[in-house]
Amino acid sequence: MRTFISRSLMVSAAIGAGVLGWVVLNRPAPSSAPAVAPAPVPVVTAVVKREDVPIVLEGLGTVQALKVATIHSQVAGLLERVDFTEGQTVKRGDVLAQIDPRLYQARLAQAQAQLARDKAQVTNVQTNLGRNEPLLQRGYATEQQVTDQKAQVDQLQNTLKADQAAIDDAETEFEFATLRAPFDGVTGILQVDIGNVIRPADPGGIVTMTQVQPVSVVFTLPAADIPPVQAALARGPIAATVYDQGGTKKLDTGSLLLINNQANPTSGTVQLKANFPNAERQLWPGTFVNAEITTSVVKDALTIPTDAVQQNDKGQFVYVVGADGKVAIKAVEIGQRERGTALIAKGLDAGETVVVQGQYRLVAGTLVKASSPGDVPNTSTASAGMLP
């Protein structure tokens, strides 16, 4: 039995050795072809340029009308007529509304009649005085008569002044019955309908008028910007530009008027005010805008597109393309970002090439090739926080 088992094991070993030899003899020889180099990564590049760069300070602001007036009646009466449509542009002196003027017209006529009556009395007394003064010298009139007549003339002269004042008052009230625009502007929503009795004490008035040409913008800057703004004001007028809330559409150009005389210690900001002609009426009171002022200009500054600037845990950096087509990482300091352009304070030289788009696939030493923006995706699912 033992002999049989031993022979079986010997046979199995021989078969295994034969199979192993066949596998070794028939294994393919290793390839001697060189490894394929990775394809260059397509990127969009830009060259570091030298140019004059304005130093711009920007802040969020609110459009404010230079003049706002709530039109109240200065006399009481029935609102008889409205001579404007809501939202209409009116000129200074244009009639806005008419209060029933008959009561005030009657008071004016009464005051004018009183003046005419007193003038007649003055004329009569002056005539008698002129007749009695020669008679006094001849002894046909008494001194008392002449003295009384002179006093009466003086009294009536003052009465005429009072009558004229009453006429002026009545004329003013009569004019107040016609409501006029105090300045050029735009009317708002009518607050009182025709047929209602209006009074000076009514809180809402008839309508609110707003001046929209020109307008002002009040915006805020950090309090640390006060010195450079003051220095720029000392050199001359400061240009101001205002953009929409998105900061992309230019709305108007004007000039800085002032820095508020007190900063806000809680927020660490200060308010500034700029005036704009608003010729196209793109600025509307009460709306939010982005305001910018230019305080100085840096000559021959180094600039790159802002999209080239990246951020990591060590700070800001850019990918610089070398002569061999490979990228290197360079730390940079940014002096200003404005309208898609970054002002380089430190870290780059003029003429260097930086990567503007396609950075998400790069590491130091990656081979790249310049491509058009349409051929370079700017993000990937992985960089967007999703699975690749």
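To keep things clear, this report deals only with the structure shown in the data block.

## Looking at unusual backbone geometry
Of note, the amide linkage connecting glutamine 213 to proline 214 takes the cis form, showing an omega dihedral of -5°. The phi dihedral of aspartate 300 falls on the positive side, at around 50°, and the residue is not glycine. Mapped onto the elements of the fold, aspartate 300 is located in strand β15 (residues 288–305).

## As for the sheet that holds strand β6 (residues 95–99)
If you trace the four strands from one edge of the open sheet to the other, you get β7-β6-β4-β9, paired in antiparallel fashion. With one partner strand each, in any of the chains shown, β7 (178–180) and β9 (197–198) form the two edges of the open sheet. Direction of pairing for β6 relative to β7: antiparallel, over a ladder of three bridges. When the sheet's bridge partners are listed, valine 95 is paired in β7 with arginine 180.

## Some words on the sheet that holds strand β10 (residues 207–210)
In space, the four strands of this open sheet follow the order β3-β10-β8-β5, with antiparallel pairing throughout. Taken across any chain shown, the strands that pair with only one partner, and hence form the sheet edges, are β3 (68–71) and β5 (89–90).

## Looking at the pairing of β6
The buried fraction of β6 amounts to four of the five residues, a majority that puts the element mostly inside the structure. Bridge analysis of strand β4 (residues 77–82) against β6 gives three bridges, and the strand direction is antiparallel. When the sheet's bridge partners are listed, leucine 79 is paired in β6 with isoleucine 99.

## Examining a negative patch on the surface
On the surface, a cluster of negative charge is contributed by Asp168, Asp169, Glu171 and Glu175. Inspection of the secondary structure puts aspartate 168 in helix α3 (residues 143–176).

## Brief notes about the pattern of salt bridges
Applying the stated criterion across every chain yields a total of seven salt bridges. Between lysine 330 and glutamate 352 there is a salt bridge, and its shortest N-O distance comes to 2.7 Å. Here the residue lysine 330 occupies a position in strand β18 (residues 327–331), and glutamate 352 occupies one in the loop between β20 (341–346) and β21 (353–357), the gap between them amounting to 22 residues. The partly exposed category is assigned to lysine 330, whose relative accessible area is 28%. The network of salt bridges with common partners includes Glu292, Glu338 and Arg339.

Definitions and cut-offs
Residues numbered from 1 in each chain as written. Predicted model: local features only at pLDDT ≥ 70, side-chain atom pairs only at ≥ 80, totals over all residues. Heavy atoms only, no water. Helix = DSSP H or I, 4+ residues; strand = E, 2+ residues; numbered from the N terminus. Pairing = 2+ DSSP bridges. Buried < 20%, exposed > 50% of the residue type's maximum accessible area, 1.4 Å probe, protein only. Patch = residues over 30% accessible without salt bridge, like charges linked within 9 Å, V, L, I, M, F, W, Y side chains within 5 Å. Areas by Shrake-Rupley, 256 points an atom, 1.4 Å probe, with all protein chains shown as cover. Salt bridge = Lys/Arg side-chain N within 4 Å of Asp/Glu carboxyl O. Lys, Arg positive; Asp, Glu negative; His and termini not counted. Charge placed at Lys NZ, Arg CZ, Asp CG, Glu CD.

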